[in-house]
Amino acid sequence: KAGVTQTPRYLIKTRGQQVTLSCSPISGHRSVSWYQQTPGQGLQFLFEYFSETQRNKGNFPGRFSGRQFSNSRSEMNVSTLELGDSALYLCASSGTGIVRETQYFGPGTRLLVL
Amino acid sequence: GENVEQHPSTLSVQEGDSAVIKCTYSDSASNYFPWYKQELGKGPQLIIDIRSNVGEKKDQRIAVTLNKTAKHFSLHITETQPEDSAVYFCAASGTGNQFYFGTGTSLTVIP
């Protein structure tokens, strides 16, 4: 079974621009969560989608948004990029959407904001 | 919300020795505790997990113990090998599928 895939793997943007990242979960998985990983803050939860609905949200500003499609693929968008948004963005998928279920991570998208 | 603390932040061991990483959590409602290994340039990979109805779980050279009363859990790696070198993260479940992660332990196994 193929794992979680994320595209693109690397991205360079400038301040003020917006960016869209994509995540394809493991086949059959319906829940997708997004995390931001930085050296200073570690892994921080952004939001989770299940069956095209945002089920849970972390403490990030409204510039961070996401959506999920009917095939469970998910995208996250960051508008008006700031230097501090430079990070590794990870998505994780889990199977049936039961809470507190094992999550499997993708390789991440490394975003650099200049 | 949940707060997860992880120690030590760095750990060096000789090949063949054991390594222990410890985590504490604050929310007694947390009931699922996965451990992840992250190698350079890759996403975190699940290596072992434990639920609160179990005190210990073992998978070959890796074991996890959980003390619900004290709210701490530990990762034990025996007979370490150079390929065990990586960053290890503990996590605790929060609301829904939100997980709270420790700050990571960089493990170096010296051949």
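Use the structure listed above.
These numbers come from a predicted model, not from an experiment.

### Observations concerning the overall build of chain B
- When helices and strands are counted, chain B shows 0 helices and 11 strands.
- Sequence-ordered secondary structure for chain B, helices as α and strands as β, is β-β-β-β-β-β-β-β-β-β-β.
- Taken over the C-alpha trace, chain B has a radius of gyration of 13 Å; the compact-globule value for 111 residues is 13 Å, and the two agree within 12%.
- If you line up chain B on its principal axes, its C-alpha atoms span 40 × 30 × 20 Å.
- Counting the 111 residues in chain B, one finds 47% classified as buried.
- Within chain B, residue pairs in contact and separated by at least 24 positions form 52% of the contacts whose partners lie at least 6 positions apart.
- Looking at chain B as shown, the accessible area adds up to about 5,300 Å², and 47% of this sits on carbon and sulfur atoms.

### Some points on the nonpolar core
- Counting 24 residues, the largest nonpolar core has Trp35, Phe73, Leu75, Tyr88 and Leu107 of chain B as its most contacted members.
- Mapped onto this core, the elements with two or more residues apiece are strand 2 (10–14), strand 3 (19–25), strand 4 (32–38), strand 5 (45–51), strand 7 (62–67), strand 8 (72–77), strand 9 (86–93) and strand 11 (105–110) of chain B.
- Counting 21 residues, the second largest nonpolar core, distinct from the first, contains Trp34, Phe60, Tyr89 and Cys91 of chain A.

### Concerning the pattern of salt bridges
Residues and elements named next belong to chain A.
- Taken as a whole and judged by the stated rule, the model has 9 salt bridges over all chains.
- Note that Glu48 and Arg55 form a salt bridge whose closest N and O atoms lie 2.6 Å from each other.
- Salt-bridge contacts for Glu82 lead to Arg63; the nearest nitrogen and oxygen are separated by 3.6 Å. Placement of Glu82 in the loop between strand 8 (74–78) and strand 9 (87–94) and of Arg63 in the loop between strand 6 (53–57) and strand 7 (64–68) is noted, with a sequence separation of 19 residues between them.
- A residue is classified by how much of its surface remains accessible, and Arg63, at 16% relative accessible area, is buried.

### Some points on a nonpolar patch on the surface
- Taken together, the side chains of Ile12, Leu112 and Leu114 of chain A define a hydrophobic patch exposed on the protein surface, amounting to about 300 Å² of accessible area.
- By relative accessible area, Ile12 of chain A is classed as exposed at 58%.

### Let's talk about the sheet that holds strand 3 (residues 19–24) of chain A
All names here are of chain A.
- An order of 1-3-8-7 is seen for the 4 strands of this open sheet, with the pairing classed as antiparallel. Every interior strand has two partners, whereas the edge strands, strand 1 (5–7) and strand 7, have only one. Ignoring which end each strand starts from, the neighbouring axes of this sheet average 20 degrees apart.
- As paired elements, strand 3 and strand 8 share 5 bridges and run antiparallel to each other. Directly across from Val19, in strand 8, lies its bridge partner Val78.

### Side note on the state of the cysteines
All names here are of chain B.
- The tally for this structure, following the rule as stated, stands at 2 disulfides over all chains.
- Bridging Cys23 to Cys90, the disulfide has an S-S length of 1.9 Å. Taking the sign of the S-S torsion, about -100 degrees here, the bridge from Cys23 to Cys90 comes out left-handed. Linking Cys23 in strand 3 with Cys90 in strand 9, this pair joins segments that are 67 residues apart in sequence.

About the criteria used
- Residues numbered from 1 in each chain as written.
- Chains lettered and ligands numbered in written order.
- Predicted model: local features only at pLDDT ≥ 70, side-chain atom pairs only at ≥ 80, totals over all residues.
- Heavy atoms only, no water.
- Helix = DSSP H or I, 4+ residues; strand = E, 2+ residues; numbered from the N terminus.
- Rg over C-alpha atoms; globule rule 2.2 N^0.38 Å.
- Buried < 20%, exposed > 50% of the residue type's maximum accessible area, 1.4 Å probe, protein only.
- Contact = heavy atoms within 4.5 Å.
- Areas by Shrake-Rupley, 256 points an atom, 1.4 Å probe, with all protein chains shown as cover.
- Core = buried A, V, L, I, M, F, W, Y, C linked by side-chain atoms within 4.5 Å.
- Salt bridge = Lys/Arg side-chain N within 4 Å of Asp/Glu carboxyl O.
- Patch = residues over 30% accessible without salt bridge, like charges linked within 9 Å, V, L, I, M, F, W, Y side chains within 5 Å.
- Pairing = 2+ DSSP bridges.
- Axes fitted to C-alpha atoms, helices over the stretch in contact; angles between N-to-C directions.
- Disulfide = S-S within 2.5 Å.

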